[in-house]
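# Analysis of the macromolecular model
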Amino acid sequence: MLDRIAHYKSLCAELSLSDTPQSYVGGAFVTGGGAKIALEDPFSRVILTEYPDCGAEIAKQACAASDAAQKVWMADFTAAGRGIVMQKIANIVDERHETLAQVEAVVSGKPIRDCRVEVAKVSEMFRYYAGYTDKLHGQVIPVPSGHLNYTVREPLGVIFQITPWNAPMFTAGWQVAPAIACGNGVVLKPSELTPVTSIALAAICEEAGAPKGLVNVLAGLGPTAGEAAIAHDATRKVVFVGSPATGRVVATSAGKALKPVVLELGGKSANIVFEDADLEAACKGAQAAIFATAGQSCVAGSRLLVQASIKDQFVKMVADGMQQLKVGDPLDKATEIGPISNRRQFDHVTAMIGQAAKDGASVLTGTSHEADALIVPPTILADLPPGSDAAQTEIFGPVVTVLSFEDEADAIRIANSTDFGLAGAVWTKNVSLAHRMAANVRAGTFWVNGYKAIHVSTPFGGSRSSGFGRSSGMDVLMEYTEPKSIWVETAQVPRVAFGYAPSE
Ligand code: NAD
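Quick notes on the rules
Residues numbered from 1 in each chain as written. Predicted model: local features only at pLDDT ≥ 70, side-chain atom pairs only at ≥ 80, totals over all residues. Heavy atoms only, no water. Domains from an automatic or database assignment. Contact = heavy atoms within 4.5 Å. Salt bridge = Lys/Arg side-chain N within 4 Å of Asp/Glu carboxyl O. Polar contact = N/O pair within 3.5 Å; in protein donor to acceptor, adjacent residues only side chain to side chain. UniProt positions renumbered as here; feature names shortened; annotations may be inferred. Helix = DSSP H or I, 4+ residues; strand = E, 2+ residues; numbered from the N terminus. Pairing = 2+ DSSP bridges. Phe/Tyr/Trp six-rings, centres within 6.5 Å; stacked < 30°, edge-to-face > 60°. Buried < 20%, exposed > 50% of the residue type's maximum accessible area, 1.4 Å probe, protein only. 1 Å grid on protein atoms, 1.4 Å probe; cavity = no way out; pocket = protein on both sides within 12 Å on 5 of 7 lines; lining within 4 Å. Points joined across faces, edges and corners; volume = space filled by probe spheres on them. Nonpolar A, V, L, I, M, F, W, Y, C, P; charged D, E, K, R; others polar. Core = buried A, V, L, I, M, F, W, Y, C linked by side-chain atoms within 4.5 Å.

### Let's talk about the domain arrangement of the protein
- In terms of domain boundaries, the protein breaks down into domain 1 (4–265 + 462–485) and domain 2 (270–448).
- Opposite the 28 residues of domain 1 that make contact, domain 2 presents 35 residues.
- Counting the contacts that link domain 1 with domain 2 gives two salt bridges.
- Among the salt bridges present, the one from Asp329 reaches Arg4, with a minimum N-O distance of 3.0 Å.
- The interface formed by domain 1 and domain 2 contains 10 residue pairs in polar contact (both at pLDDT 80 or more).

Here it is, written out as structure tokens:
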């Protein structure tokens, strides 16, 4: 096997980064002095590096740096000029595409074929939002007085963004690109377990011409660095991507400081197969929905709802198909399922499978020949009580729970029987039924005869325990700007007294 530590170090060198992750603050790399954090390659199980938590002080410096840089970003650049910088960011990401994908695969354990796609998506995100920098304009409103009333859309200031470990650079781009396109500064705290590509992205932003400090990255922990950045006076909004449990903690801290929050949390999405579906396509879709990226995807189709009349046949198709999936080394381009990204998550997934078996599930598994890696082979949990933990909560691994339904109403009832509302899908040839399911299943994103297509141009987010707010498409432009209403008196004799125009 490739020497993972040497490979990791040479990739960091190619990106001009220290192999001991550092925070990027005000255009400089800085090292904290907090608790040690280890980065373990989840496939080879070697410790790639250890680095100290940046802590609260560096987080405060990052917020101050972002505040200063945001003012420069608005004052010294034209709207179109900001777009040109964002185009350059996209170009540099493209130039470093393979190095960024490789380092992501080594640190997170995600298969290289997925990392390559995700890095390519990041440049796409910067190009997409580059086009909006000079199109964020207000309105002229015909108020019933002698005023010219117009609105402008202003950036908020500093946005603090918190991201998880499952798609590090993809999620960083998804958050940073619209925020800076709208004229904001950013402090980004990636997961302490996967900080490298986010640090690289921040340095690329500056290399492309963004002011020093416009995009800062904290290499550190939530309770220290994260809480300090939420509380900092310059932070105007908090955007959190992660688990519902941490989302509640973050929203509580932000609420105490009266700061608005966007929460992108987990899911337990229903992938619903009716008896009239193209079963071959639905089977491939069901596998991709849950087994791709080892199920470590917020939109994973983790509940497979199959019409009772075809349940046994369909479960057998999925089980047979999962034996063909290539499980193994994330750096092998043929690998479809790599390891679980970290030890804590591996323990969680294996404990959930064990508990499901105790709760009465039949457990069907694929195969893996990698004894030491943190690999969970693709797993089907059938005949599970619908109210059990594994049927209701997010496992975040390559584990699908199968539930059966009798008819349309039953499918909708079961699909909506968790507290999540992130995504869902239906497989059927009946167009009217497909539209009724799209209307009635609670989800921010819903697919008909497909799964997992997402794109920066369309809104993404959830409801209830899946969070609130949207972080892509045009909708996010409203999240990252606020309107200011300006009244200009134009009448020679103003008609407004005490704030009100007299009625005609
Ligand atoms: P997590 O909630 O444990 O951590 C997420 C981030 O929060 C990390 O950066 C962590 O350091 C930080 N954090 C922890 N405590 C904090 C605090 N007090 N203040 C500020 N930050 C703090 O999540 P995870 O285990 O890294 O990721 C997996 C979860 O993320 C899953 O539930 C998954 O569904 C969810 N997720 C959601 C989406 C989405 O868009 N809806 C996308 C990807 C992942």
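### A few points about the UniProt feature "active site" (unreviewed entry) in the protein
- In the UniProt entry, the feature "active site" (unreviewed entry) is given for Glu264.
- Of note, Glu264 is situated in strand E11 (residues 261–264).
- Residues contacting Glu264, with those up to four places away along its chain left out, are Phe240, Val241, Gly242, Phe460, Gly461, Ser466, Arg470 and Ser471.

### A word on the sheet that holds strand E6 (residues 147–155)
- Read across the open sheet, the three strands follow the order E5-E6-E20; overall the sheet is antiparallel. Unpaired on one side and paired on the other, strand E5 (140–141) and strand E20 (481–489) mark the two borders of the sheet.
- Looking at chain direction, E6 and E20 are connected through nine bridges and run antiparallel. Note that in E20 the partner of Asn149 across the bridge is Trp487.

### A few points about the packing of aromatic side chains
- In the structure shown here, the tally under the stated rule is 10 aromatic pairs.
- Ring geometry for Trp165 and Phe396: centres 5.5 Å apart, planes at 70°, overall edge-to-face. In this pair, Trp165 sits in the loop between strand E7 (158–162) and helix H6 (168–181) while Phe396 sits in the loop between helix H13 (389–392) and strand E16 (399–405), placing the two residues 231 residues apart along the sequence.
- With a centroid separation of 6.2 Å and an interplanar angle of 85°, the aromatic rings of Trp174 and Phe460 are classed as edge-to-face. Pair noted here: Trp174 is in helix H6 and Phe460 is in the loop between strand E18 (445–448) and strand E19 (467–468), with a separation of 286 residues, a long-range link.
- Overall, Trp174 belongs to the buried group, its relative accessible area being 5%.
- Within the aromatic cluster, the residues linked to one another by ring pairs are Tyr128, Tyr129 and Tyr132.

### Let's talk about the layout of surface pockets
- Within this model, the second largest pocket holds a volume of roughly 190 Å³.
- The set of elements that each furnish at least two residues to the lining of the second largest pocket consists of strand E3 (36–40) and helix H12 (343–358).
- Looking at the lining of the second largest pocket, its residues break down into three nonpolar, two polar and four charged.

### A word on the nonpolar core
- Core analysis: the largest hydrophobic core is formed by 121 residues, its most contacted members being Ile89, Phe126, Ile180 and Phe314.
- It is H6 that provides the largest number of residues to this core, a total of nine residues.
- Taken domain by domain, this core gets at least three of its residues from each of domain 1 (4–265 + 462–485) and domain 2 (270–448).
- Ignoring anything within four residues of it in the chain, the contact list for Ile180 reads Trp73, Met86, Ile89, Phe126, Val186, Leu214 and Val215.
- Listed in part, the 24 residues of the second largest apolar core include Leu218, Val238, Ala254 and Leu263.

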